[in-house]
Amino acid sequence: MKAKSLRIGKNWLYAPLIFMSIFYLLPMYVMLVTGFKPFEEVNLKTMWALPHTIAFDNYVEAFRHLAPSLRNSFVMVIPATIISSFLGSLNGYVLAKWKFKGADVIFPLILFGMFIPYQSILIPLVQFMKSANLTGIPGLILAHVIYGIPITTLTFRNYYASLPQELIEAARIDGANMLGVYRWILLPISIPSFVVVLIWQFTSAWNDFLFAVVLTGNEQWPITVALNNMAGSQIIAWNVQMAGSLLAALPTLLVYLFLGQYFLRGLLAGSLKG
Amino acid sequence: MFKNKDRYLSFLLVLPSILAVMIFIYGFIGWSIRVSLSQWKGLNPNFAWAGLNNYIELFSDPRFMVDIRNTVIFTVVFVVGCIVVGFFLAVMLDQGLKGEAFFRTLFLFPMAISFIVTGVVWRWLMNPATGSRMSGLNLLFSYLHLDFLINNWHTTPTWGIAAVALAAIWQMSGYTMALYLAGLRSIPLELREAAQIDGASEWQIYRHVILPILTPVTLSALIILGHISLKVFDLIIAMAGKQLALDVPAIYMWQTTFDGLFYARGAAIATLLLISVAVLIIPYMWFTLRSEKQL
């Protein structure tokens, strides 16, 4: 009797779930549908209607506007992601398995950097990059590497701390030094953690706006700044803006669709959980 | 035998990161605080002492008062919205329905997108134009004969910021759902079964067993979302540009520093932001790291 009433209750749940799905999909729907509408169909009254014919003109035009900044984004994100992940792995290894004196003080100090509002370091950062002649993309890469250290260190440290100490002891008895243990024992088994961290860093560097807007000029704008400025201009039609938004969102959306579980693990690591 | 050499080596490996953190985080924070206590206005650095003047001025600055009001409204709508929506989505998905993975993927995907894209798209959805120029959600409401829902969204004075918070809920409620879902999945099944055998209804189980167990999750969500909302910046820039009615401290800081060249004032805003985030985050980190050690 009880189990039965529960089952009926469960099927009812599809109603609110589908309603919520509509809420989550509406912006995506508008973005997609509008981006494919040919110019003569762009009309406020038919905004919610499906396009009669599929046109790629908007994407061609959006791509024409955004291609340089898409390239900038890739040029910036790839090294920033790889370097900060590798640094995080080394830090995590030492802070989990080779604690030196003071390591327990250093770790929370590094972690706090994950939460600070970047406004509180912005003025010195801009001054520093200018005086070090690190303007544009190299400066942006450096900023993402440094401010990525906290989250990458946390993720790897939690992973390495979960491995038994005997693993390291055994390798040391066999004659490996601390670098050897890292290279031959830990590095090979931490590939899944690398995937989590690489995805997480890729996403946050790709989606960053604040560092990009203060550290880069017109020529080096990554996609977020270029899209924001394109949408702010009066000349560009909104169907082209929607096409541009999709272009800007596509790389991280694809990563999320294909590697969603790793994305989720990075997400949960950001709340300090392992 | 290797011990000492290895200890030095391990320290050397993390030294670059430690130095970077010490300089680029703590050194820069100190530098910012120093600027906030200076008279620096204009292009050239001027470190002449100003004491707390910049802070005192901020608290009699009408624009900063608007910022504080907006931050409070945004935080309440955003945090409460994300927690309520996230919790109910998680509870629904925890019932073992068919298609759970599909819904989970769907609710989380906005997290992968940048706040800029979210802002650009939602600005279109929330277009306040009326009559023949009506579009976006207002047009949809008009089709569905839900005319009472038609409104001016983010262009409404005072409460416009709540419309921006709605877009932020769209983006971040999936994250709260993921936190709660992880929490729900870690509750042993025996606990629910025991309560069921004792005759508790489904509702009572949630009220007296599951919600109390999830208190730490709720606390994490409150703090993580709260600190995100204090820092909100990109989303407002993309949705509203530099509209004064939707101003928040992060935008004021950016504008006054890099457009207006009032460096000292910008640094004071930044320092106040840091303090408000630190008040949330430091106790949270303290408890989280301590409970981890006890395990």
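Predicted, not measured: the structure shown is a model, and the values here were computed from it. (Residues numbered from 1 in each chain as written. Chains lettered and ligands numbered in written order. Predicted model: local features only at pLDDT ≥ 70, side-chain atom pairs only at ≥ 80, totals over all residues. Heavy atoms only, no water.)

Participant: Would you mind showing me how to read the overall build of chain A here?
Facilitator: For chain A, the helix and strand inventory stands at 12 helices and 0 strands. In terms of overall dimensions, chain A is more spread out than a globule: its C-alpha atoms have a radius of gyration of 24 Å, far above the 19 Å expected for 274 residues. Taken along its principal axes, the extent of the C-alpha atoms in chain A is 75 × 75 × 30 Å. Here chain A, with 274 residues, has 57% of them falling under the buried criterion. A sequence separation of at least 24 residues applies to 73% of the contacts in chain A between residues at least 6 apart. With the model as given, the accessible surface of chain A reaches about 11900 Å², and the carbon-plus-sulfur share is 69%. Measuring between centres, the 17 positive side-chain charges of chain A sit 13 Å from its 10 negative side-chain charges. (Helix = DSSP H or I, 4+ residues; strand = E, 2+ residues; numbered from the N terminus. Rg over C-alpha atoms; globule rule 2.2 N^0.38 Å. Buried < 20%, exposed > 50% of the residue type's maximum accessible area, 1.4 Å probe, protein only. Contact = heavy atoms within 4.5 Å. Areas by Shrake-Rupley, 256 points an atom, 1.4 Å probe, with all protein chains shown as cover. Lys, Arg positive; Asp, Glu negative; His and termini not counted. Charge placed at Lys NZ, Arg CZ, Asp CG, Glu CD.)

Participant: So what exactly am I meant to see when it comes to the pattern of salt bridges here?
Facilitator: Oppositely charged side chains may form a pair once their charged atoms are brought near each other. Residue and element names in this part refer to chain B. Tallying each qualifying case throughout the model produces 8 salt bridges over all chains. Close ionic contact of Arg 104 with Glu 100 constitutes a salt bridge, the shortest N to O distance being 2.9 Å. You can see Arg 104 and its partner Glu 100 sitting in helix α4 (residues 100–108), 4 residues apart, about one turn around the helix. Note that Glu 100 is salt-bridged to Arg 185, the shortest N-O span being 3.3 Å. With Glu 100 in helix α4 and Arg 185 in helix α7 (residues 160–185), the pair connects residues that are 85 residues apart, well separated along the chain. Glu 100 sits in the buried class, given a relative accessible area of 15%. On the basis of relative accessibility, which here comes to 41%, the residue Arg 185 falls in the partly exposed class. (Salt bridge = Lys/Arg side-chain N within 4 Å of Asp/Glu carboxyl O.)

Participant: So what exactly am I meant to see when it comes to a nonpolar patch on the surface here?
Facilitator: Residue and element names in this part refer to chain B. A cluster of nonpolar side chains, contributed by Phe 59, Met 65, Ile 68, Val 72, Val 76, Val 80, Val 84 and Phe 88, occupies part of the molecular surface with about 700 Å² of accessible area. No other element matches the 7 residues that helix α3 (residues 62–93) contributes to the nonpolar patch. Within the secondary structure, Val 76 sits in helix α3. (Patch = residues over 30% accessible without salt bridge, like charges linked within 9 Å, V, L, I, M, F, W, Y side chains within 5 Å.)

Participant: Help me out: how do you make sense of the UniProt feature "transmembrane region" (unreviewed entry) in chain A in this one?
Facilitator: The UniProt feature table records "transmembrane region" (unreviewed entry) at residues 12–32, 74–94, 106–129, 141–160, 181–202 and 235–259 of chain A. Note that residues 12–32 of chain A is 95% helix and 0% strand, and that its end C-alpha atoms are spaced 30 Å apart. (UniProt positions renumbered as here; feature names shortened; annotations may be inferred.)

Participant: So what exactly am I meant to see when it comes to the side chain of Ser 21 of chain A here?
Facilitator: Mapping Ser 21 of chain A onto the fold places it in helix α2 (residues 14–35). Residue Ser 21 of chain A is classed as buried on the basis of its relative accessible area of 7%. Within the local environment of Ser 21 of chain A, its side chain forms a polar contact with the backbone oxygen of Leu 17 of chain A, the two atoms lying 2.7 Å apart. Each residue touching Ser 21 of chain A, except ones within four places of it in the same chain, is listed here: Phe 103, Leu 106 and Phe 107 of chain B. (Polar contact = N/O pair within 3.5 Å; in protein donor to acceptor, adjacent residues only side chain to side chain.)

Participant: How do you make sense of the UniProt feature "domain: ABC transmembrane type-1" (unreviewed entry) in chain A when you look at a structure like this?
Facilitator: Within this numbering scheme, the UniProt entry marks residues 70–259 of chain A as carrying the feature "domain: ABC transmembrane type-1" (unreviewed entry). Helix makes up 80% of residues 70–259 of chain A and strand 0%. Its end C-alpha atoms lie 21 Å apart.

Participant: How do you make sense of the interface of chain B and chain A when you look at a structure like this?
Facilitator: By convention, interface size is frequently given as the accessible area that disappears when the constituent parts associate. Each partner contributes to the interface: chain B provides 99 residues, whereas chain A provides 93 residues. Summing both sides of the interface, chain B and chain A together bury roughly 8800 Å²; the carbon and sulfur share of this comes to 77%. Its largest share of buried area at the contact with chain A, chain B owes to Leu 13, Phe 24 and Trp 124 of chain B, together 7% of the area lost on that side. For the pair chain B and chain A, the number of links is 0 salt bridges. Connecting chain B to chain A are 16 residue pairs in polar contact (both at pLDDT 80 or more). For the side of chain B that touches chain A, the leading source of residues is helix α1 (residues 3–36) of chain B, giving 20 residues. Here the side of chain B that touches chain A is built from residues that sort into 69 nonpolar, 19 polar and 11 charged. (Buried area = accessible area lost by both parts, 1.4 Å probe. Nonpolar A, V, L, I, M, F, W, Y, C, P; charged D, E, K, R; others polar.)

Participant: In this structure, what is going on with the nonpolar core? I would like to understand it.
Facilitator: Soluble globular proteins tend to bury their nonpolar side chains together. Core analysis: the largest hydrophobic core is formed by 205 residues, its most contacted members being Leu 125 and Tyr 147 of chain A together with Phe 78, Phe 107 and Leu 137 of chain B. Top element by residues in this core is α7 of chain B. It accounts for 16 residues. (Core = buried A, V, L, I, M, F, W, Y, C linked by side-chain atoms within 4.5 Å.)

Participant: Would you take a moment to explain the domain arrangement of chain A for this structure?
Facilitator: Residues and elements named next belong to chain A. For chain A, the assigned domains are domain 1 (1–55) and domain 2 (59–271). Placing a centre on the C-alpha atoms of domain 1 and another on those of domain 2 gives a separation of 33 Å. In this assembly, 12 residues from domain 1 lie in contact with 9 residues from domain 2. Across the domain 1 to domain 2 interface the summed buried area is about 900 Å²; carbon plus sulfur atoms make up 81%. Applying the counting rule to domain 1 against domain 2 returns 0 salt bridges. If you look at where domain 1 meets domain 2, you find 0 residue pairs in polar contact (both at pLDDT 80 or more). The residue inventory of the side of domain 1 that touches domain 2, partitioned by class, reads 8 nonpolar, 3 polar and 1 charged. (Domains from an automatic or database assignment.)

Participant: Even after reading the chapter, I still don't get the UniProt feature "transmembrane region" (unreviewed entry) in chain B, so can you show me in this structure?
Facilitator: All names here are of chain B. The sites that carry the UniProt feature "transmembrane region" (unreviewed entry) are, in the present numbering, residues 12–33, 72–93, 105–125, 159–182, 209–230 and 262–287. Taken end to end, residues 105–125 comprises 71% helix and 0% strand; its first and last C-alpha atoms sit 23 Å apart. In residues 262–287, helix accounts for 96% and strand for 0%; the two terminal C-alpha atoms are 38 Å from one another.

Participant: Mind showing me how you'd approach the confidence of the model for chain A here?
Facilitator: Close reading of the predicted structure is inappropriate where its pLDDT is low. Summary statistics for chain A give a mean pLDDT of 90 and a share of 96% for residues scoring 70 or more. Throughout residues 1–6 of chain A the model reports pLDDT below 50, and contacts reaching past four residues in sequence, or to other chains, amount to 4 contacts. (pLDDT = per-residue confidence, 0-100.)

Participant: What's the story with the packing of aromatic side chains in this structure? I'm lost.
Facilitator: When we look at a pair of aromatic rings, we describe it by the centre distance and by the angle of the planes. In the structure shown here, the tally under the stated rule is 40 aromatic pairs over all chains. Centroid distance Phe 100 of chain A to Phe 11 of chain B: 4.9 Å. Interplanar angle 80°. Geometry classified as edge-to-face. Taken together, the residues span two chains, with Phe 100 of chain A in the loop between α3 (57–97) and α4 (103–112) and Phe 11 of chain B in helix α1. Judged by relative accessible area, which is 34%, Phe 11 of chain B ranks as partly exposed. Members of the aromatic cluster, each reached through a chain of ring pairs, are Tyr 14, Phe 23 and Tyr 24 of chain A together with Phe 102, Phe 103, Phe 107, Phe 109, Trp 122 and Trp 170 of chain B. The ring of Trp 184 of chain A has Arg 183 of chain A lying over it, and the distance from NZ or CZ to the ring centre is 4.2 Å. (Phe/Tyr/Trp six-rings, centres within 6.5 Å; stacked < 30°, edge-to-face > 60°. Lys NZ or Arg CZ within 6 Å of the ring centre and 35° of its normal.)

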